[in-house]
Amino acid sequence: MRFVLFAVAALIASPALAQKPAKALPAPHPGAEVYQNICQACHMANALGGEGAGKIPALAKNGTLEAAGYPIMVVTGGKNAMPWFRGALTDQQISDVINYVRSNFGNKYKDKVTPAMVAEMGVPAPKGGMREQ
Amino acid sequence: MNWAEQGPTRREVLRTIGMMAGTAVLYQAMEVLGHAKETQFAGPPNLQGARPGTKVVVLGAGLAGMLAAYELAKAGYDVQILEYNNRPGGRNWSLYGGDTYTELGGATQKVGFSEGNYLNPGPWRIPYHHRALLHYCKKFGVALEPFIQMNQQALVQSSKAFGGKPMRYRELHADWDGNVAELLAKAIDNRGLDSVMTKEDADRLRIALREWGALDQNFKYSKNYRSSRRRGFERAQGGGVLGEPIPSDPHAFKDILDSGIWRTVAQHMNIDHQHAMFQPVGGMGMIGRGFAKQVEGKIRYNQKVTSISQQGGKVTVMHTDTGSGVTGTTEADYCVCTIPLSVLSQIDVDCSPGLDAAINALPYSNSVKVGLEFKRRFWEEEEAIYGGISFTDREISMISYPSGKLHSDGPAVILGAYTFGPASYKFAGMTPEERIQRALEQGSVFHPGRYKEEFIGGATVAWSRVPFTLGCCAQWNEDTRKEHYQTLVAVDNRLVLAGEHASYIGCWMEGAILSSLDAVTRLHSRALEA
């Protein structure tokens, strides 16, 4: 969403550029919004993570993303203190955001994750839910 | 109708017992009858007789860690605390003017609040029934004052009702009760409750509804003196010529339903939000400071724990000084570890496979708080809102007016956002400046023409980016409780865990305190058996 707003602002700011019909704006990656609204709360806008008493791993240039099954497992099932996002995100959103991270931030993995793969390989949301009611 | 006809009241029974047998029996009787219920605090543990020279290393100088150190030192142990931060308190924390805070990712805020103003990034209120925490606050000289949770003069705003216009809590609450009472009375008149009540009880309920809902003689919730005494007058009562009040029009019930007001009302019926509530005078961080005075000289700050070993009949903790980078080793006979599991799960801990699994099993929650400082208390001066909370269905979820220094001049800080669910991730993903701007924008719905105009500056903490916790609190569910809780709290050879994550009062300071007392009591027994 912020990508779109920025693009509109750029158009208003430079009307000369806007009149050129040939340059169509590239559509934002469908996973970018999910990344901004969820993932970057911990992994940061530049996907470099952070380190304090503990560490939030960098997703940038991350070799463990090579096998697509691994990020599918972590995003759907969580890992240690990282919550699971099965149920909070759709399989489509999960595949979108994994594809976004695997093709950005210095990651250049060509194969694509599909919602069907998330459905098949993903960890089911725990029955007990995120917390006691 | 005479309630006494139905047998003696509980109060009468209690008075009789009290006269006959004194207060001890009275207290026992109160417990049996379900009064005097609190969290599980039977008084401080009073540990004694540690074997001379026995050492305990405590990891973390939050409330659980400092209390463990205090009680163990009192019992005769030689205690050393290692703390990652350069201050005591852990999540018990206030940000004051002059403080600098750097979150994960490197964004640094220099807090510009005026003298005495603060943001409580973590805990900010204490329920009256958190008796253990209250006990130690009193014992350690931490001054408390009332925290105003519910304020009927505050506002409730919903995008789904009244065209998004904030309404007085008082009006919505009164109209909710009034309309529900009227509908129930109507159901009784239409004999709708005949199958579940006797005629006599239905008659009594009907009368009760009139009183409870401020209904008129015809059992209608209508515009009159009676309902306006609840929801407020169109023209308030005064003196002299124009002293006569003018009643106000209740809102349409559909609008009241749309507003979702029952959620706010229900929240205040929860035992965690019932009055009385407390806060420390001068910020929540005063509790951490108060506790730290009791363990003075025992805390080594800026120590990042890297491993915990239990080899060779002792505990060996490796740690690195975050300033100098110098590594150190602390040896002890026992260890109380209060490091949050979000961090502990990344440390090499020498323990049973079961405890290791428990440490790795719990996701941590997230939340964002934003403090906004304004030039003056316009909410008090112009709207008579003294403390309490205005609620919204926007991402900030609420704004909370300061309960301290009521009726004073000068700048004051409002809690401008306390996010839940997806909004927490969205806010935490922003830069601190963006969070503050967004909170200012969203909160201005309550006080247009004042909020942005009288804003001075803000501070914000996103818990997923807090360097010493990487999140708020451990999130248990029924299954993880069954599988891991008892293992997590059990003494593992020479190691015991404590903190809110080792309690059933998760995310509250009381949970950390009670967990700590239980852990040191069991560790002490273990040490005496050894």
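The shown structure was predicted, so the numbers you read here are calculated from the model rather than taken from an experiment.

Peer 1: Could you give me a rundown of the overall build of chain B, with the residues and numbers involved?
Peer 2: In terms of regular secondary structure, chain B is built from 16 helices and 23 strands. Principal-axis analysis of the C-alpha atoms gives chain B an extent of 85 × 65 × 45 Å. Relative to its full complement of 530 residues, chain B shows a buried share of 46%.

Peer 1: Quick one: what's the story with the overall build of chain A, residue by residue and with numbers?
Peer 2: Looking only at helices and strands, one finds six helices and two strands in chain A. Beginning at the N terminus, the succession of helices and strands in chain A can be written as α-α-α-β-β-α-α-α. Taken across its 133 residues, chain A has 35% of its residues classed as buried. Within chain A, counting contacts between residues at least 6 apart in sequence, those at least 24 apart form 61% of the total.

Peer 1: Could you give an account of helix α4 (residues 69-77) of chain A, with specific residues and numbers?
Peer 2: A turn of α-helix holds 3.6 residues, and therefore any two residues three or four places apart point the same way. Residue and element names in this part refer to chain A. For α4, the set of buried residues is Pro71, Ile72, Val75 and Thr76. The arc enclosing the buried residues of α4, seen along the axis, measures out at 120°, which places them on a common side. Where α4 terminates, the next one or two residues include Gly78, which has phi positive at roughly 75°.

Peer 1: Kindly report on the packing of helix α4 (residues 169-189) of chain B against helix α5 (residues 199-213) of chain B, identifying the contributing residues and their values.
Peer 2: The angle between the axes and the distance between the axes are what describe a pair of packed helices. Residues and elements named next belong to chain B. Two elements in contact, α4 and α5, have axes whose closest approach is 9 Å; the angle formed by their N-to-C orientations is 160°. Classed by the angle they form, the pair α4 and α5 counts as roughly antiparallel. The handedness of the crossing between α4 and α5 comes out as left-handed. Contacts from Asp177, Gly178, Val180, Ala181, Glu182, Leu184, Ala185 and Ile188 in α4 reach Ala202, Leu205, Arg206, Leu209, Trp212 and Gly213 in α5.

Peer 1: Describe the environment of B:Gly282, and please don't skip the residues or the numbers.
Peer 2: Following the sequence through the fold, B:Gly282 ends up in the loop between β11 (277-280) and α9 (285-294). Separated by 166 residues in the primary sequence, B:Gly282 and B:Gly116 have C-alpha atoms spaced 6.6 Å apart.

Peer 1: Tell me about the interface of chain B and chain A, residues and numbers included.
Peer 2: Of the residues lining the interface, 30 residues belong to chain B; the matching set on chain A comes to 26 residues. Elements represented by at least two residues in the side of chain B that touches chain A include exactly α10 (341-344), α13 (422-428) and α15 (478-489) of chain B. Class assignment for the residues of the side of chain B that touches chain A results in 13 nonpolar, 12 polar and five charged.

Peer 1: Please give an account of the sheet that holds strand β16 (residues 334-337) of chain B that cites residues and values.
Peer 2: Residues and elements named next belong to chain B. Across the sheet, which stays open at both edges, the five strands sit in the order β12-β2-β1-β16-β23 with parallel pairing between neighbours. Across the chains shown, the open sheet's two edge strands, defined by having one partner strand only, are β12 (299-300) and β23 (495-497). Direction of pairing for β16 relative to β23: parallel, over a ladder of three bridges. Of the residues in β23, the one forming a bridge with Cys335 is Leu495. Each of β16 and β23 is contacted by helix α16 (residues 509-529), which is oriented at about 170° to β16, the strand it contacts most.

Peer 1: Break down the nonpolar core for me, citing the residues and quoting the values.
Peer 2: Ranked by size, the top nonpolar core spans 157 residues in total, and within it B:Val56, B:Leu67, B:Ala68, B:Cys335, B:Val336 and B:Ile513 carry the most contacts. In terms of nonpolar packing, the next biggest core, distinct from the first, is built from eight residues, B:Ala174, B:Ala181, B:Ala185 and B:Leu209 among them.

Peer 1: How would you sum up the confidence of the model for chain B? Please name residues and give values.
Peer 2: When the pLDDT values of chain B are averaged, the result is 93; 93% of them are 70 or greater. Counting contacts from residues 1-36 of chain B, a segment whose pLDDT is below 50, to residues more than four positions away or on other chains yields 16 contacts.

Peer 1: Run through the pairing of strand β13 (residues 303-309) of chain B, naming residues and quoting values.
Peer 2: Where β13(B) and strand β14 (residues 315-321) of chain B come together, six bridges link them in antiparallel fashion. Counted as the bridge partner of B:Gln303 is B:Asp321 from β14(B).

Peer 1: I'd like to hear about the domain arrangement of chain B, residue by residue, with values.
Peer 2: Residues and elements named next belong to chain B. When the domains of chain B are assigned, the result is domain 1 (55-86 + 301-361 + 474-529), domain 2 (95-150 + 275-280 + 365-465) and domain 3 (166-267). Here the C-alpha centroids of domain 1 and domain 2 sit 30 Å apart. Across the contact, eight residues belong to domain 1 and six residues belong to domain 2. Tallying contributions element by element places α16 first for the side of domain 1 that touches domain 2, with five residues.

Peer 1: Explain the sheet that holds β11(B) to me, and be specific about the residues and the numbers.
Peer 2: All names here are of chain B. Read from one edge of the open sheet, three strands run β7-β11-β8, paired in antiparallel fashion. Edge positions in the sheet fall to β7 (126-127) and β8 (144-147), since each of these pairs with one other strand and no more. Judged from the four bridges that link them, β8 and β11 form a sheet pairing that is antiparallel. When the sheet's bridge partners are listed, Phe147 is paired in β11 with Met277.

Peer 1: I'd like to hear about the environment of B:Tyr101, residue by residue, with values.
Peer 2: Residues and elements named next belong to chain B. Secondary-structure assignment places Tyr101 in strand β4 (residues 100-102). According to the C-beta neighbour criterion, Tyr101 is partly exposed, with 19 such atoms within 10 Å. When the C-alpha positions of Tyr101 and Val466 are compared, they lie 9.5 Å apart, and in sequence the two are 365 residues distant. Once residues lying within four places of it in the same chain are set aside, the contact partners of Tyr101 are Leu95, Gln109 and Val111.

Peer 1: Please set out unusual backbone geometry residue by residue, giving values where relevant.
Peer 2: Residues and elements named next belong to chain B. Each neighbour pair has its own omega, and for His275 with Ala276 the value is 5°, a cis peptide bond. Tracing the backbone shows Ala276 in the loop between α8 (261-267) and β11. Positive phi, close to 60°, is recorded for Asn302, a residue that is not glycine. Mapping Asn302 onto the fold places it in the loop between β12 and β13. Of note in this structure, Ser397 is not a glycine but carries a positive phi near 65°. Mapped onto the fold, Ser397 is located in the loop between β19 (388-392) and β20 (398-401). Judged by C-beta crowding, with 18 C-beta atoms within 10 Å, Ser397 ranks as partly exposed.

Peer 1: Please provide a residue-by-residue account of α9(B), values included.
Peer 2: All names here are of chain B. Taken across its 10 residues, α9 has seven buried, putting it largely inside the fold. For α9, the full list of buried residues reads Gly285, Met286, Ile287, Gly288, Gly290, Phe291 and Ala292. Check the buried side of α9 and you find it contacts α2 (63-75), α3 (131-139), β11 and β12.

Peer 1: Report on the environment of A:Ala24, specifying residues and quantitative values.
Peer 2: Among the structural elements, A:Ala24 can be located in the loop between α2 (15-19) and α3 (30-43). A count of 7 C-beta atoms within 10 Å places A:Ala24 in the exposed class.

Peer 1: Residue-level account of the confidence of the model for chain A, with values.
Peer 2: Residues and elements named next belong to chain A. In the predicted model, chain A carries a mean pLDDT of 85, and 81% of its residues have values of at least 70. Confidence, read as mean pLDDT per element, is least for helix α1 (residues 2-13) in chain A (38) and greatest for helix α5 (residues 91-102) (98). Every residue in residues 1-19 scores below 50 in pLDDT, and together they form seven contacts with partners more than four places removed in sequence or on other chains.

Thresholds applied
Residues numbered from 1 in each chain as written. Chains lettered and ligands numbered in written order. Predicted model: local features only at pLDDT ≥ 70, side-chain atom pairs only at ≥ 80, totals over all residues. Helix = DSSP H or I, 4+ residues; strand = E, 2+ residues; numbered from the N terminus. Buried ≥ 20, exposed ≤ 12 C-beta atoms within 10 Å, placed from the backbone. Contact = placed C-beta atoms within 7 Å. Arc of directions from axis to C-beta. Axes fitted to C-alpha atoms, helices over the stretch in contact; angles between N-to-C directions. Parallel < 35°, antiparallel > 145°, perpendicular 65-115°, else oblique. Left-handed = near helix turned anticlockwise from the far one by under 90°. Nonpolar A, V, L, I, M, F, W, Y, C, P; charged D, E, K, R; others polar. Pairing = 2+ DSSP bridges. Core = buried A, V, L, I, M, F, W, Y, C linked by C-beta atoms within 7 Å. pLDDT = per-residue confidence, 0-100. Domains from an automatic or database assignment.

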